[in-house]
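Given next are the chains, with one letter for each unit.
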Protein chains: 2
Amino acid sequence: MRTFVIVGHKATTSPNFSLEDIPGTSGRLDILCRAATAAFVISHGIRKDASVYLVLLGGEAPKTILLHGESLRHLNPDERTTAALLKKALALPATERWAMSTSGITVRLGGLPELLEDLKEADLVYLKEDGPDIRGMEGISSAGKTVFILGDHTGMTEEEEELMGRAGARTASLGERSLHADHCIVILNWMLDSNAFMPG
Amino acid sequence: MRTFVIVGHKATTSPNFSLEDIPGTSGRLDILCRAATAAFVISHGIRKDASVYLVLLGGEAPKTILLHGESLRHLNPDERTTAALLKKALALPATERWAMSTSGITVRLGGLPELLEDLKEADLVYLKEDGPDIRGMEGISSAGKTVFILGDHTGMTEEEEELMGRAGARTASLGERSLHADHCIVILNWMLDSNAFMPG
């Protein structure tokens, strides 16, 4: 398994955005779309052992969308198709329980605190430029319980960092250069594929 | 410098495709858009030391678009913005000489043979799943003259492989799992950033 959490601080929780201008009308949901495709798509298929939580904080009440590789359908590599799938999920009446939208995509009310509560058995790794280099870190493999947490273009807030710290998250960096979340996910997937991490 | 060549075997050479359905109307120009953004975008900026050649073979006469990081303007991380820039370049009357479209983007007639002729001083590395692992290869660095060549979703043809072989290209692989061209570029950029290759 490989699990990724991406927090979209301005990402809309409403389906009323335009597929003709995703960056301009959705609170940069395009960032989360690219993160999702980075997590799943490989040539001629998708990664069944991947899961992605998209935490959307740009509405009145936060929502979280879960994409689950094992049952995920209709995900193509292009941004617009992914945005259309998220639009469908956001059109569902959300409650505090996961509700299924299309195959492999569920949605509920709740933000980062609720998600961290759910993930309390996981080994949380928060990706941040100034953390220690992930290449020296132990215990990360696709066989493990690692959950990678990434911010959007605004990074993470101090409150969120405190929350993750209390949840036991380790901080890790992919290097000094600040990369987009989707690119970080591509690199993490490749490192997991290559067993590039230190044994735990 | 870091230079990437991506060959789009069905990619349109005409501007008459729809930004509302890029994968369906452009011969999968979306693949080349994502490859271009993968090469250039980093958080809050673009890589000035990157160049990308997009070889478009899906028209009557092949065209090549060159994106040059040093002078590139208006490139955003989203797919549609990149497609709109390529559309503008394809609307120019192309000849065998490079003509400027927008800042940092030029276009001309010609396909892979013409491009390889231009790149004959370069150290060509052709990315292919069954090649030797790139992590053991020497002489690759952003200080060098390496040009990475990648195929689209259809791979490269036998004729193209022969052509590259005659041009002295080395074959290299990022691992057994077959990845999309844009994801390969993300990983190569990161390896170059990290000086992860063997010294030459």
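For the structure, check the block above.
Right, let's walk through the structure included here. (Residues numbered from 1 in each chain as written. Chains lettered and ligands numbered in written order. Predicted model: local features only at pLDDT ≥ 70, side-chain atom pairs only at ≥ 80, totals over all residues. Heavy atoms only, no water.)

**Re the overall build of chain A**
Scanning chain A for helices and strands turns up 6 helices and 10 strands. Taken against the 2.2 N^0.38 rule, which gives 16 Å for 200 residues, the C-alpha radius of gyration of chain A at 16 Å falls within 12% of a compact globule. Principal-axis analysis of the C-alpha atoms gives chain A an extent of 45 × 40 × 30 Å. By the burial criterion, 53% of the 200 residues in chain A qualify as buried. The long-range share in chain A, meaning contacts at least 24 apart out of those at least 6 apart in sequence, stands at 69%. When the accessible surface of chain A is split by element, carbon and sulfur atoms take 50% of a total near 8,300 Å². Put simply, chain A has 20 plus and 27 minus side-chain charges, and the middle of one group is 6 Å from the middle of the other. (Helix = DSSP H or I, 4+ residues; strand = E, 2+ residues; numbered from the N terminus. Rg over C-alpha atoms; globule rule 2.2 N^0.38 Å. Buried < 20%, exposed > 50% of the residue type's maximum accessible area, 1.4 Å probe, protein only. Contact = heavy atoms within 4.5 Å. Areas by Shrake-Rupley, 256 points an atom, 1.4 Å probe, with all protein chains shown as cover. Lys, Arg positive; Asp, Glu negative; His and termini not counted. Charge placed at Lys NZ, Arg CZ, Asp CG, Glu CD.)

**Things to note about the sheet that holds strand 9 (residues 146–150) of chain A**
Across a sheet, strands are paired by hydrogen bonds formed along the backbone, either parallel or antiparallel in direction. Residue and element names in this part refer to chain A. With mixed pairing, 8 strands are arranged side by side in an open sheet as 6-7-5-4-1-9-8-10. Each edge of the open sheet carries a strand with a single partner, namely strand 6 (99–100) and strand 10 (170–172). Pairing of strand 5 (residues 63–68) with strand 7 (residues 105–109), which is carried by 5 bridges, proceeds in the antiparallel orientation. From the neighbouring strand, Leu67 faces strand 7, where its bridge partner is Ile105. Of the strands in this sheet, strand 1 (2–8), strand 4 (50–56) and strand 5 are in contact with helix 2 (residues 29–40), which crosses strand 4 at around 170°. (Pairing = 2+ DSSP bridges. Axes fitted to C-alpha atoms, helices over the stretch in contact; angles between N-to-C directions.)

**So, empty space enclosed by the protein**
Under the definition given, this model contains 5 cavities of 30 Å³ or more. A volume near 210 Å³ is recorded for the largest cavity. In this structure, the largest cavity is lined by 20 residues; those nearest its centre are Arg34, Asp182 and His183 of chain A together with Arg34 and Asp182 of chain B. Elements represented by at least two residues in the lining of the largest cavity include exactly helix 2 and helix 6 (181–193) of chain A together with helix 2 (29–40) and helix 6 (181–193) of chain B. Across the lining of the largest cavity, the residue classes tally to 8 nonpolar, 5 polar and 7 charged. Space inside the second largest cavity adds up to approximately 140 Å³. Surrounding the second largest cavity, 16 residues form its lining, Ile22 and Arg80 of chain A together with Leu19, Ile22 and Arg80 of chain B being those nearest its centre. (1 Å grid on protein atoms, 1.4 Å probe; cavity = no way out; pocket = protein on both sides within 12 Å on 5 of 7 lines; lining within 4 Å. Points joined across faces, edges and corners; volume = space filled by probe spheres on them. Nonpolar A, V, L, I, M, F, W, Y, C, P; charged D, E, K, R; others polar.)

**Regarding the interface of chain B and chain A**
Contacts between the two partners involve 30 residues from chain B, matched on the other side by 30 residues from chain A. Scanning the region where chain B abuts chain A turns up 2 salt bridges. In this structure, Arg177 of chain A engages Asp193 of chain B in a salt bridge whose closest nitrogen and oxygen atoms are separated by 3.3 Å. Applying the counting criterion to the chain B and chain A interface returns 16 residue pairs in polar contact (both at pLDDT 80 or more). Of all the secondary structure elements, the ones that give two or more residues to the side of chain B that touches chain A are helix 2, strand 2 (41–42), helix 3 (79–91) and helix 6 of chain B. (Salt bridge = Lys/Arg side-chain N within 4 Å of Asp/Glu carboxyl O. Polar contact = N/O pair within 3.5 Å; in protein donor to acceptor, adjacent residues only side chain to side chain.)

**Some words on the pairing of strand 7 (residues 105–109) of chain B**
The side chains of a regular strand alternate, residue by residue, between the two faces of the sheet. Residues and elements named next belong to chain B. Of all 5 residues in strand 7, 4 are buried, a share of seventy percent or more. Pairing analysis gives 2 bridges linking strand 6 (residues 99–100) to strand 7, with the strands arranged antiparallel. In the sheet register, Met100 faces strand 7, and the bridge partner there is Thr106. Where strand 6 folds back on strand 7, the antiparallel hairpin that results is connected by 4 residues, among which Gly104 adopts a positive phi of roughly 85°.

**Notes on helix 6 of chain B**
Over its 13 residues, helix 6 of chain B runs 18 Å from end to end, which matches the ideal 18 Å to within 8%, given 1.5 Å per residue. Of all 13 residues making up helix 6 of chain B, 12 are buried, and the element is well covered by its neighbours. (Expected span 1.5 Å × (residues − 1).)

**Digging into the relation of the copies chain B and chain A**
Once turned by 180° and shifted 0.0 Å along the axis, chain B lies on chain A with an RMSD of 0.0 Å. Both copies of the chain, as the preceding transformation shows, are related through a two-fold rotation axis. An overlap of 100% is found between the interface residues of chain B and their copies at the interface of chain A, pointing to a shared contact surface. (Least-squares fit on C-alpha atoms with pLDDT ≥ 70 in both.)

**Some points on the pairing of strand 9 (residues 146–150) of chain B**
Residue and element names in this part refer to chain B. The buried count for strand 9 comes to 5 of 5 residues, which makes it a mostly enclosed element. The alternating pattern of strand 9 places Thr146, Phe148 and Leu150 and Val147 and Ile149 on opposite faces, both of which are buried. Bridge count for strand 1 (residues 2–8) against strand 9 is 4 bridges, and the pairing is parallel. Bridge pairing links Ile6 to Leu150 in strand 9. Bridge count between strand 8 (residues 123–127) and strand 9: 4 bridges; the pairing is parallel.

**Points about the environment of Ala94 of chain A**
All names here are of chain A. Within the element layout of this structure, Ala94 appears in the loop between helix 3 (79–91) and strand 6. Spatially, the C-alpha atom of Ala94 lies 19 Å from that of Leu32, the residues being 62 residues apart in sequence. Beyond its immediate chain neighbours, meaning those up to four positions away, Ala94 contacts Lys63, Arg108 and Leu109.

**A short note on the layout of surface pockets**
If you add up the space inside the largest pocket, you get close to 610 Å³. Taken together, 35 residues line the largest pocket, and the ones lying closest to its centre are Ser43 of chain A together with Asp152, Ser178, Leu179 and His180 of chain B. Broken down by class, the residue content of the lining of the largest pocket amounts to 16 nonpolar, 11 polar and 8 charged. One number sums up the size of the second largest pocket: a volume of about 450 Å³. Around the second largest pocket, the lining comprises 26 residues; the ones closest to its centre are Glu129, Asp152, Ser178 and Leu179 of chain A together with Ser43 of chain B. Contributing elements (two or more residues each) for the lining of the second largest pocket: strand 8 (123–127) and helix 6 of chain A.

**Section: the packing of aromatic side chains**
Scanning all chains against the criterion turns up 4 aromatic pairs over all chains. Ring centres 6.2 Å apart and planes at 50° place the aromatic pair Tyr53 of chain B and Trp98 of chain B in the tilted group. Taken as a pair, Tyr53 of chain B in strand 4 (residues 50–56) and Trp98 of chain B in the loop between helix 3 and strand 6 lie far apart in primary sequence, 45 residues in all. The class for Trp98 of chain B is partly exposed, based on a relative accessible area of 32%. Sitting over the face of the ring of Phe17 of chain A, Lys87 of chain A holds its NZ or CZ atom 4.8 Å from the ring centroid. (Phe/Tyr/Trp six-rings, centres within 6.5 Å; stacked < 30°, edge-to-face > 60°. Lys NZ or Arg CZ within 6 Å of the ring centre and 35° of its normal.)

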